[in-house]
Amino acid sequence: MDTFRVVDDNRVLYLDLTGSGNETAAHLLENGRITIMFCSFDKSARIMRLYGRGRAIHPRDDRWNEYLAMFPAEPGVRQIMEIDVISAMTSCGYGVPRLEGLEERDTLRKYWQSRGGDAVVQYQQENNIESVDGLPTGILADDTRSAK
């Protein structure tokens, strides 16, 4: 899906869609650290990792509309991850399998398009306010609990 943007030399965004867990948001609240990994599955064996510190941007935040406008409309949007890139590294990727016929999977998009009304918000309230290990994710405006 078209959910990743390079904003400048040291900042990237990705549009986070509602799913079964909200681990990244919880871990960003806890310590701010994040790694993004890209893998090549075609003929070129290559892996790239971005290391940085990040934060989740929600509809209640000042930059929400500015950032959201950078992405195509998608159903089920949850938050936007803003990452200050500290370093980047590539590696060989020799152990990554070569796959052919890769295409975008539209299951998540269809799932949220078929739901109506407040289904996304209700799902987030039921499934996304805490990580699997009980950390707050910050998805709710009144969720003031955080590790630091």
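On a predicted model such as this, the values are computed, not experimentally measured, just so you know.

Caption draft 1: View of a nonpolar patch on the surface. Taken together, the side chains of Met1, Leu108 and Tyr111 present a nonpolar region at the surface, about 230 Å² in accessible area. Relative to the helices and strands, tyrosine 111 resides in helix H3 (residues 107–114). Classification of tyrosine 111 by relative accessible area gives partly exposed; the value is 33%.

Caption draft 2: Spatial organisation of the pattern of salt bridges. Under the criterion given, the structure shown has 11 salt bridges. Across the pair arginine 11 and aspartate 8 runs a salt bridge whose closest N-O atoms are separated by 3.5 Å. By relative accessible area, which is 16% here, arginine 11 ends up buried. Put simply, glutamate 82 and arginine 55 hold a salt bridge, and the shortest N to O gap is 2.9 Å.

Caption draft 3: Structural detail: the nonpolar core. Judged by nonpolar contacts, Val12, Tyr14, Ala25, Leu28, Ile34, Ile36, Leu50, Ala56, Met81, Ile83 and Val85 together constitute the single largest core of 11 residues. Tallying contributions element by element places strand E5 (residues 77–91) first for this core, with three residues. Each residue touching leucine 28, except ones within four places of it in the same chain, is listed here: Arg33, Ile34, Gly54, Arg55, Ala56 and Met81. Core analysis: the second largest hydrophobic core is formed by eight residues, Leu13, Leu15, Ile57 and Ile80 among them.

Caption draft 4: Quick peek at the packing of aromatic side chains. Taken as a whole, this structure holds three aromatic pairs when the rule is applied. Taking 5.1 Å as the distance between ring centres and 80 degrees as the angle between the ring planes, the aromatic pair formed by phenylalanine 4 and phenylalanine 38 counts as edge-to-face. Placement of the pair is phenylalanine 4 in strand E1 (residues 4–8) and phenylalanine 38 in strand E3 (residues 33–39), with a sequence separation of 34 residues. The partly exposed category is assigned to phenylalanine 4, whose relative accessible area is 27%. With centroids separated by 5.5 Å and ring planes inclined at 80 degrees, the aromatic side chains of tryptophan 112 and tyrosine 123 adopt a geometry described as edge-to-face.

Reading the values: the criteria
- Residues numbered from 1 in each chain as written.
- Predicted model: local features only at pLDDT ≥ 70, side-chain atom pairs only at ≥ 80, totals over all residues.
- Heavy atoms only, no water.
- Patch = residues over 30% accessible without salt bridge, like charges linked within 9 Å, V, L, I, M, F, W, Y side chains within 5 Å.
- Areas by Shrake-Rupley, 256 points an atom, 1.4 Å probe, with all protein chains shown as cover.
- Salt bridge = Lys/Arg side-chain N within 4 Å of Asp/Glu carboxyl O.
- Helix = DSSP H or I, 4+ residues; strand = E, 2+ residues; numbered from the N terminus.
- Buried < 20%, exposed > 50% of the residue type's maximum accessible area, 1.4 Å probe, protein only.
- Core = buried A, V, L, I, M, F, W, Y, C linked by side-chain atoms within 4.5 Å.
- Contact = heavy atoms within 4.5 Å.
- Phe/Tyr/Trp six-rings, centres within 6.5 Å; stacked < 30°, edge-to-face > 60°.

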